[in-house]
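# Residue-level structure breakdown
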Amino acid sequence: METYILLAEWNNIVMANYIVPKEVLLPYLPAKTELDLYEGKCYVSLVGFMFLNTKMRGFSVPFHINFEEVNLRFYVTCSDKGIKKKGVVFIKEIVPRHAISLVEKSIYRQNYVTMNMRHFYRPDGDFFEAGYEWKYKNKWNRLSAKAHKKSIPICPGSHEEFIADH
């Protein structure tokens, strides 16, 4: 039987990917890892999603079961006994509950911050729009996208596969 620290569903994911100079990410690069590039380009992703049905060590924590998260991440690889492994480095993770930030920062040493947040999901025929907002310095910021409800397969070797594979 496998033991999990955290179990949750990720729903209504919105992701924006940006090419950045490698030098921007070097200060965040953990020891024994290297940047994972796609076609020689370095990517960061801004990702918003709903954490749903969240459980820590098999238990649901009241008022911390369903919540928004927005994070900024980039992609790395490392060698473990000669096997190349892929990973993600989180630069910043925004959540709406102080307890989440406290646990993640103190126990797991993740760079979580607490901000007022809200989200929306709007069906529109064959499409839907989803978005995440967070309040920073009294200004609401937004990450949103409109997408077709019907998904299509990811093409092997594509940029989409590179991002999804991490």
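For clarity, every value in this text was computed on a predicted model and none was experimentally measured. (Residues numbered from 1 in each chain as written. Predicted model: local features only at pLDDT ≥ 70, side-chain atom pairs only at ≥ 80, totals over all residues. Heavy atoms only, no water.)

## Looking at the pairing of strand E4 (residues 67-80)
Note on strand geometry: in a regular strand, side chains alternate between the two faces of the sheet. What counts here: A 1.4 Å probe rolled over the protein chains alone gives each residue an accessible area, and that area as a share of the maximum for its type sets the label: buried under 20%, exposed over 50%, partly exposed in between. Comment: elements are numbered from the N terminus, with helices defined as DSSP H or I runs of at least four residues and strands as E runs of at least two. In this analysis, strands are considered paired if DSSP registers two or more bridges between them.
Within E4, ten of the 14 residues are buried, which leaves the element mostly enclosed by the surrounding structure. Relative to E4, strand E2 (residues 34-35) runs antiparallel, the two being bridged by two bridges. When the sheet's bridge partners are listed, Glu34 is paired in E4 with Thr77. Relative to E4, strand E3 (residues 42-56) runs antiparallel, the two being bridged by eight bridges. Across the sheet, Leu46 pairs through a bridge with Leu72, a residue of E4.

## Overview of a nonpolar patch on the surface
Note the cut-off: Patch membership requires more than 30% relative accessible area and the absence of a salt bridge. Residues of like charge join within 9 Å; the nonpolar side chains Val, Leu, Ile, Met, Phe, Trp and Tyr join within 5 Å. All accessibility values rest on the Shrake-Rupley procedure with a 1.4 Å probe; residue burial counts only the protein chains present in the view. Here, a salt bridge means any side-chain nitrogen of Lys or Arg that lies within 4 Å of a carboxyl oxygen of Asp or Glu.
A surface patch of nonpolar side chains, amounting to about 280 Å² of accessible area, comprises Trp10, Ile13 and Met15. Tracing the backbone shows Met15 in strand E1 (residues 6-20).

## Concerning the side chain of Ser101
So the rule is basically this: Contact criterion: two residues are considered in contact whenever any of their non-hydrogen atoms come within 4.5 Å of each other.
Along the chain, Ser101 turns up in helix H2 (residues 98-106). In this structure, Ser101 is in contact with Val95, Tyr112, Val113 and Thr114, ignoring residues within four places of it in sequence.

## Quick notes on the packing of aromatic side chains
The condition that has to hold: Aromatic pairing here means that ring centres of Phe, Tyr or Trp (its six-membered ring) are within 6.5 Å. Orientation follows from the plane angle: under 30 degrees is stacked, over 60 is edge-to-face, and everything else is tilted. By definition here, charges over rings are those cases where NZ of Lys or CZ of Arg is within 6 Å of the ring centre and within 35 degrees of the ring normal.
In this structure the tally under the stated criterion is eight aromatic pairs. Plain terms: the ring middles of Tyr121 and Phe128 are 5.3 Å apart, the flat faces sit at 25° to each other, and that makes the pair stacked. Overall, Tyr121 belongs to the partly exposed group, its relative accessible area being 39%. Ring pairs connect the aromatic residues Trp10, Phe49, Phe51 and Phe67, which therefore count as one cluster. Positioned above the aromatic ring of Trp140, the side-chain terminus of Arg118 is 3.8 Å from the ring centre. Its end group placed over the ring of Phe120, Arg122 keeps NZ or CZ at 4.0 Å from the ring centre.

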